[in-house]
Amino acid sequence: MTSPDFSAGAAWQRGEFVPIADASIAMTDWGFLRSDAAYDVVTVWDGAFFRLDAHLDRFFASCRRFRLDAGKSRDEIVGIITHCVRLAGLRSSYVEMICTRGQPPWGSRDPRQAVNRFHAFAVPYVWIANEEQRARGLNVVMSGVRRIPSASVDPRAKNYHWNDMTMALFGALDAGGDTVLLTDGAGGVVEGPGFNVFAVTGGRLVTPAEGVLEGVTRRTVIEMAQSLGLPVELRALAAEELRGADEAFLSSSGGGVLPVTRVDGHELGNGRVGEVTARLRDLYWEWHRDPRYSTPIAYGGEVS
Ligand code: PLP
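Everything in this summary refers to the structure shown in the same document. (Residues numbered from 1 in each chain as written. Predicted model: local features only at pLDDT ≥ 70, side-chain atom pairs only at ≥ 80, totals over all residues. Heavy atoms only, no water.)

Some thoughts on the overall build of the protein chain
Helices and strands together make up the secondary structure of the protein chain, namely eight helices and 17 strands. The C-alpha atoms of the protein chain give a radius of gyration of 20 Å, which matches the 19 Å a tight globule of 304 residues would have. Taking the principal axes of its C-alpha atoms as reference, the protein chain extends roughly 60 × 50 × 35 Å. Per-residue burial over the protein chain gives 53% buried out of 304 residues. Look at the contacts in the protein chain between residues 6 or more apart in sequence, and 69% of them connect residues 24 or more apart. A total accessible area of about 14,300 Å² is found for the protein chain, and carbon and sulfur atoms account for 51% of it. Separation between the mean location of the 32 positive side-chain charges and that of the 37 negative ones in the protein chain comes to 4 Å. (Helix = DSSP H or I, 4+ residues; strand = E, 2+ residues; numbered from the N terminus. Rg over C-alpha atoms; globule rule 2.2 N^0.38 Å. Buried < 20%, exposed > 50% of the residue type's maximum accessible area, 1.4 Å probe, protein only. Contact = heavy atoms within 4.5 Å. Areas by Shrake-Rupley, 256 points an atom, 1.4 Å probe, with all protein chains shown as cover. Lys, Arg positive; Asp, Glu negative; His and termini not counted. Charge placed at Lys NZ, Arg CZ, Asp CG, Glu CD.)

Description of the sheet that holds strand β6 (residues 117-124)
As a general point, the strands of a sheet are linked pairwise by backbone hydrogen bonds and lie either parallel or antiparallel. Ordered in space as β2-β1-β6-β5-β3-β4-β17, the seven strands form an open sheet in which the pairing is antiparallel. Two strands bound the open sheet, and with one partner strand each, they are β2 (16-19) and β17 (294-296). For this sheet, the mean angle separating the axes of adjacent strands, direction not counted, is 25°. Across the sheet, helix α2 (residues 52-65) lies against β3 (37-45), β4 (48-50), β5 (93-100), β6 and β17, angled at about 175° from β3, the strand it touches most. (Pairing = 2+ DSSP bridges. Axes fitted to C-alpha atoms, helices over the stretch in contact; angles between N-to-C directions.)

Encoded structure:
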């Protein structure tokens, strides 16, 4: 018998580790049928998890908000995701932990009777923007699509209610943009598919306070700005204010601080990657070597 090939990634499902291509969930799981799930993504960079505790805290908080129980302790989750990374032999990885609703007994539509399921996987690191886009800065389209209101689906619980994001992204790509920002229906910018947003004007950072996932990268940016003595305001960010900003950037575990140099095709500031943005981007990667935030992985043997 040949041994399984984990080189493209590894997953944990139904109590066992499988190659990512073989990973699946039950078709009748409400996670699939109703997007009824909470999840989190933590990254591994240079052989260490970055801000693992913050991601685990948020995962458990998301589950609580959606009345989900992953049925796993913190240590068990760390054990599972570490083993996924180790099996795949990845030094840089995108690691997802998921809790789906599962399903209630046949005939019941009572979510309280569902047996929730935990799943996880590790695949190679995922970037929200490619190298060329990161070097020149992104052209972000302001979408007319409104983000699902917070009163309907709590955006602080990391979730798969992404149809608004996906349709907005189609529109932005069709219009020649690189990615998209959604609004709150009252002229405020909220977030986009996989990221938070910051505007920088006169050395002050502004990021939306409400209607967003409280990104771990957003938090890292706020802490980095504090360490550099840059003021940060958490408040509503009007689309017009973003258009008139000196600089802007996106923040995401999928690439850290990602410069924005155009909004709807119009240049921000001098049209080049901003100075504050570049400082924060570089510091973001430096902080990956800080033992306060990094959890090294014991691979045991050679890894790629
Ligand atoms: N907002 C949304 C909707 C997201 O899906 C994500 C990340 O995937 C973010 C913001 C950024 O969060 P983080 O910095 O924790 O990756």
